[in-house]
Amino acid sequence: MGLVGMSGAILTDPGAGPGSLLLAWLVPTLAWIASLYGGDYFDRELDAKVKPHRPVPSGRIPAATAKYLMMALIGTGAVLAALANPFTFLLVIPATVFGIAYAKVLKGRGLWGNVSRGLPTALTLLFGSMMVQPLPEPVLLPLALMFWVHDSGSNLLGALCDRDGDRAGGYFSYPVKRGDDATVRALTMFYLGWVSIGLGWPLISPATSGVDLPVYYLALLPAVILGGISLKRILEAPRPFPRQVGLRAHEIVVLDRIFLGSFLMAAAGQVAFAVAVAAPSLLATVVARRLMRSRYEPTPQVS
C-alpha cells in the first residue's frame, strides 16, 4: 500500500522530496495495518468458529487491544495526513468509512464487499499525489481505477479461499452466494479489467509526457504475467475449488501487487528508486509468507 502512495507522489512530481515520499508511504501503511487489526477485531466471532488459531480467538491478543490499535493507527495517519495537506480529508474519510464498513458489514454482502475493499488502494494513489500538490492529479484517475479493480479481484480471491469458513459462519460472500464457477468468471473479468486499463492508460490520457512509455510497459509486464499465472491456476483447478490452490494463487497475487505498486515510479524516470523499494519488499514478502502462512492460514475447522 505504501508503494502505491509513493507511486502517486512520484508520478505527479518525479522530483518529490524525501518528506513527501515518506508521508505518501507511511500514512497508507498505517491505514493498512489498522485495517488488519480491524479485520481481526470485527471477525473475531467468525474466527472463533472456523479459525480459532488466530490471535484474537486464541487469546494471544485481547479483542480490545486489536480495536484500540486500529483506532490509534487510523488517528495517527489522519493527523499526519491533515498536517501535510488538509484537503486529504476528502480521501481519508471515505477510505476509513469503507474500510470499517467492509470489516463490519459489507464482507458478507457479496461482490459489494470485495469492491469496497478495493477502494482504499485506489484512493491511496490519489493520496500520494496530494503529498506534492493540493488536489490529486486528474490524469491519475484511470490508474486509480486500475488499482481499484486489481485489489477488488485480489479480495475476491481471498473470499474464494475462505468460502467454506464463511459459509459455516453465515457470511454470504460472493463465492458462498454464487458458487465457484461464477466467482472464477468474476476473477477473470477483474484481471482483464485492470490489465486493459493499465495497457490503455497511456493511449487515452492526454497528459503522460512525464512517463517513459517503453519503461512503462516493460515495468508493467511482470505484474501482467504474475496475474496471468495466478489466474491460470484458478481456471485449471478442479471443482469444488481447493483452498490450498487458492492460497498459492493468492501468494502470487501478493507479489503481483508489489510490482504493480512500484512500476509507475520506474515509468516516471525513477527506475533506481523503484528497484530500491520494490526489491526488499518482494524479499520480505516471500520470507514472511514462507515463515507465517502455514500457521496463519491452515484449513479452517468447519463442521
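The following paragraphs examine the structure supplied in this document. (Residues numbered from 1 in each chain as written. Predicted model: local features only at pLDDT ≥ 70, side-chain atom pairs only at ≥ 80, totals over all residues. Heavy atoms only, no water.)

1. What about empty space enclosed by the protein?
The gaps left among the atoms become clear once a water-sized probe is rolled over them.
Here is step 1 of the chain: Overall, the coordinates contain 2 cavities of 30 Å³ or more when judged by the stated rule.
Here is step 2 of the chain: Estimated volume of the largest cavity: approximately 450 Å³.
Here is step 3 of the chain: What lines the largest cavity is a set of 28 residues, among which Ala31, Trp32, Ala95, Thr96 and Pro120 lie closest to the centre.
Here is step 4 of the chain: Those elements giving two or more residues to the lining of the largest cavity turn out to be helix H2 (18-42), helix H5 (63-84), helix H6 (89-104) and helix H7 (111-129).
Here is step 5 of the chain: Top contributing element to the lining of the largest cavity by residue count: H2, with 9 residues.
Here is step 6 of the chain: Of the residues contributing to the lining of the largest cavity, the split by class is 20 nonpolar, 7 polar and 1 charged.
Here is step 7 of the chain: There is about 170 Å³ of room inside the second largest cavity.
Here is step 8 of the chain: Lining the second largest cavity are 15 residues; nearest its centre among them are Gly153, Leu187, Tyr191, Trp194 and Val253.
Here is step 9 of the chain: Residue assignment for the lining of the second largest cavity shows that the elements contributing at least two residues are helix H8 (141-161), helix H11 (180-204), helix H12 (213-236) and helix H13 (243-267). (1 Å grid on protein atoms, 1.4 Å probe; cavity = no way out; pocket = protein on both sides within 12 Å on 5 of 7 lines; lining within 4 Å. Points joined across faces, edges and corners; volume = space filled by probe spheres on them. Helix = DSSP H or I, 4+ residues; strand = E, 2+ residues; numbered from the N terminus. Nonpolar A, V, L, I, M, F, W, Y, C, P; charged D, E, K, R; others polar.)

2. Points about the packing of aromatic side chains
Here is step 1 of the chain: On inspection of all chains with the given rule, the structure shows 5 aromatic pairs.
Here is step 2 of the chain: Members of the aromatic cluster, connected to one another through ring pairs, are Trp201, Tyr216, Tyr217 and Phe263.
Here is step 3 of the chain: The ring of Tyr41 carries Arg44 above its face, with NZ or CZ at 4.2 Å from the centroid. (Phe/Tyr/Trp six-rings, centres within 6.5 Å; stacked < 30°, edge-to-face > 60°. Lys NZ or Arg CZ within 6 Å of the ring centre and 35° of its normal.)

3. Quick notes on H12
Here is step 1 of the chain: Under the 1.5 Å per step criterion, the end-to-end length of H12 is 34 Å for 24 residues, consistent within 8% with the ideal 34 Å.
Here is step 2 of the chain: By the largest-angle criterion, Leu221 marks the main kink of H12, which is about 30°, and a proline, Pro222, follows within four residues.
Here is step 3 of the chain: Every buried residue of H12 is accounted for by Tyr216, Ala219, Leu220, Ala223, Val224, Leu226, Gly227, Ser230, Leu231 and Ile234.
Here is step 4 of the chain: Where H12 is buried, its residues meet H8, H11 and H13. (Expected span 1.5 Å × (residues − 1). Bend = angle between axes of the 7 residues up to and from the residue. Buried < 20%, exposed > 50% of the residue type's maximum accessible area, 1.4 Å probe, protein only. Contact = heavy atoms within 4.5 Å.)

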